[in-house]
Amino acid sequence: MASLRLLLGMIPSTSKIEKAEKALITEFEKLQVFSESEVLARYVELDGLINSSDFVQKCKEIKSLQYKNSEEYENEKEYNSLKKSKDINLYFKTIAGTSLKRFKEMDGSGKILDFETLENFIESPAFREKQKMKPFTFKDTDEYRKFDEYKSLKRDPEIKAFLKPPKKTRSFFRKSKKKPEPRVEIPKTKTILRYEELARLVKSPEFLAKKNMKPITFKDSEEYKKLLEYKRIKGSIEIKEFYKFKGSREYANFLNTDDSSRLKRYNELKEYVATPGFKQRKEYLLDRKRFEKTEMFKEIKEYKKLKKNEDVIWYFKIKDSDKFDILRSRELTFSDEFDGEKLDTKKWLTNHYWGEKLLKDRYSAESDLHAFTEKENFEVRNSILKINTKPQKITGKVWSTSKGFSTKEFSYSSGLINSGNTFRQKYGVFSAKIKLGNPLAKNAFWMLADKITPHIDICRTSRGKIWLDYFSAGGRTARTSLGSHYSKNYFIYTLEWTPEKLAWKINGTEVYTQTSDLPQEPMYVLFAGGLDKPISGMTSMDIDWIRVYKTKN
């Protein structure tokens, strides 16, 4: 149906859309102003007060004349009950005494930590095993095993032979005056060397001391010393008092009560019943003439009057509707109403962005029949920017992909503006009210980033039609076209750009969408006139306004 309406031109008129938007904005501004008004603030205040359960309860309390039915009475009753309770009383007695103070001073101290470390050691399986130890004697030592080896070697035939002195032979002949023959040394085997080593050991003072050692029992161990130390500490007054208090009913009550909901409630109620507010309230509820002293009836009367106020009725009828959702969901980030006497060059470059940055001059494409001028082809009048394309002999630069930049004589001049220096945005609503003019001309409202692509034609004229184009960074091209009748009058051309989609609209009617290969970088807006085929006379593109919004989260 949308395409049929577009084909037949059966879309909402531009003036109707602008009138409706203006009325919506005016009403929204009224809503915002009234939402901050004293009248509404007072109504909301009274509405909350008079319709509150507390206010209704107060009315009942005034009429019932019974303090016993009030919240204050119940709170006071609960406070008195808690005040008399055994656990609360014992708790305050404990914190006022000295036992808890002494306990806290000891708790976590070095003394307790040392004692509990010692106690854990005494109760450990390793300690219990140590208590059962048999006496440790010389026979349990390594020296005894060596001594036993020494005795065994001493009985060895090889060692006996080694130790036996040589026999002396008697002679019946006269002693020879010759010198006796030297004794032949017996070679020492590993057994003999081991024997000599052990013989030296068993004769050493250290060995003899070890041989004569007294049996070592549990009482000679470090563990026994720790046991004596443990018993000594355990028997001290401060340790006894500490663990006695720790296991007492008084301390158990303190732990159960301290930071409990009952104690918090008691302290809360104690503070509450001592406040001037409670005392005044109690006095008020016990006063039989309290109704005559209130402002309640005056407040109810004022509230009823405000409830009939026309602006209040309108406000609550409109405030929660979805009527203003479109205004609430967007934020204006860039706009130009062209209401000055000339083009605002603080917002706009009258050149290609890279022509200004690198070439410092204007240039045209190879197929263009026009050269762009600095200001001669712009006209701002009655809040309308006209970009005029007119016959004119003019020299300018042209860009060719094969030849680069060169100078050329053009037969037409035109204008181009862009926001590349001042404004770029990724995602949002890009909208302008434009009369495109001659459909044979090359008038365009478009968007670029830093490179040739991505390139989005929000609208452009060419070959007698209105074109909507998309040239992606990946080289993909997508487009659609509309009849030339859309070029003759003002229409609102819009691109809605989200992470999921590009949507082209004319006067709020969707014309075309693109959902793949979408731009991923901020882009700036451009308006340009021009020609790629000759026409007779002058043509212009008229721009009433441009507005760019970003979507609020």
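Reading the values: rules and limits
Residues numbered from 1 in each chain as written. Predicted model: local features only at pLDDT ≥ 70, side-chain atom pairs only at ≥ 80, totals over all residues. Heavy atoms only, no water. Buried < 20%, exposed > 50% of the residue type's maximum accessible area, 1.4 Å probe, protein only. Helix = DSSP H or I, 4+ residues; strand = E, 2+ residues; numbered from the N terminus. Pairing = 2+ DSSP bridges. Phe/Tyr/Trp six-rings, centres within 6.5 Å; stacked < 30°, edge-to-face > 60°. Lys NZ or Arg CZ within 6 Å of the ring centre and 35° of its normal. Salt bridge = Lys/Arg side-chain N within 4 Å of Asp/Glu carboxyl O. Core = buried A, V, L, I, M, F, W, Y, C linked by side-chain atoms within 4.5 Å. Patch = residues over 30% accessible without salt bridge, like charges linked within 9 Å, V, L, I, M, F, W, Y side chains within 5 Å. Areas by Shrake-Rupley, 256 points an atom, 1.4 Å probe, with all protein chains shown as cover. Lys, Arg positive; Asp, Glu negative; His and termini not counted. Charge placed at Lys NZ, Arg CZ, Asp CG, Glu CD.

K.L.:
Teacher, can you tell me more about the pairing of strand 4 (residues 378–381) here?
P.N.:
Within a regular strand, the side chains alternate between the two sheet faces. Residues Phe378 and Val380 point to one face of strand 4 and are all buried, whereas Glu379 and Arg381, pointing to the other face, are not buried. Of the strand pairs in this sheet, strand 4 and strand 5 (residues 384–400) are connected by 4 bridges, and their pairing is antiparallel. Counted as the bridge partner of Phe378 is Ile387 from strand 5. The turn linking strand 4 back onto strand 5 is made up of 2 residues, and Asn382 within it adopts a positive phi angle of 55°.

K.L.:
Explain the packing of aromatic side chains to me, please; I cannot follow it from the model alone.
P.N.:
All chains considered together, the criterion is met by 36 aromatic pairs. Ring geometry for Phe92 versus Tyr266: centroids 5.6 Å apart, planes at 55°, classification tilted. Of this pair, Phe92 sits in helix 6 (residues 86–96) while Tyr266 sits in helix 17 (residues 261–273), and the two are 174 residues apart along the sequence. By relative accessible area, which is 30% here, Phe92 ends up partly exposed. Seen from their ring centres, Phe103 and Tyr251 are 4.6 Å apart, and the 55° between their planes marks the pair as tilted. You can see Phe103 sitting in helix 7 (residues 99–106) and its partner Tyr251 sitting in helix 16 (residues 249–257), a full 148 residues away along the chain. Here the aromatic residues Tyr79, Tyr91, Phe92, Phe103, Phe115, Tyr230, Phe242, Tyr243, Phe245, Tyr251, Phe254 and Tyr266 are joined through ring pairs into a cluster of three or more. Sitting above the plane of the Phe121 ring, Lys226 keeps its charged end 4.5 Å from the centroid. A cation over an aromatic ring shows up here: Lys433 above the ring of Tyr490, its NZ or CZ 5.3 Å from the ring centre.

K.L.:
Could you clarify how one ought to interpret the pattern of salt bridges in this entry?
P.N.:
Where charged atoms of side chains with opposite charge meet at close range, the side chains can pair. Scanning the model with the defined rule gives 37 salt bridges in all. For Arg42, the salt bridge goes to Glu302, with nearest N and O atoms at 2.8 Å. Of the two residues, Arg42 sits in helix 3 (residues 38–50) while Glu302 sits in helix 19 (residues 296–307), which places them 260 residues apart along the sequence. Its salt-bridge partner being Asp142, residue Lys146 comes within 3.6 Å of it at the nearest N-O pair. Highlighted residues: Lys146 and Asp142, both in helix 10 (residues 142–154), separated by 4 residues, approximately one helical turn.

K.L.:
How do you make sense of unusual backbone geometry when you look at a structure like this?
P.N.:
Excluding glycine, a negative phi dihedral is what most residues carry, and trans is how most peptide bonds are arranged. A cis amide bond, omega 0°, links Thr453 with the succeeding residue Pro454. At Asp259, a position not held by glycine, the phi torsion is positive, near 65°. The topology assignment puts Asp259 in the loop between helix 16 and helix 17. Although it is not a glycine, Asn507 sits at a positive phi angle of roughly 50°. In this fold, Asn507 is placed in the loop between strand 14 (502–506) and strand 15 (509–514).

K.L.:
For this particular structure, what's the right way to read the nonpolar core?
P.N.:
Nonpolar side chains tend toward joint burial in soluble globular proteins. Counting residues in hydrophobic clusters, the biggest one holds 45 residues, and the most contacted among them are Tyr493, Phe527 and Ile546. Among the nonpolar cores identified, the runner-up in size contains 28 residues, and Phe103, Phe218, Phe245 and Val273 belong to it.

K.L.:
Please explain a positive patch on the surface as it appears in this structure.
P.N.:
A cluster of like positive charges, contributed by Lys139, Lys151, Arg155, Lys160 and Lys211, occupies part of the molecular surface. Within the secondary structure, Lys139 is located in the loop between helix 9 (125–131) and helix 10. Looking at Lys139, the relative accessible area reads 59%, which means it is exposed.

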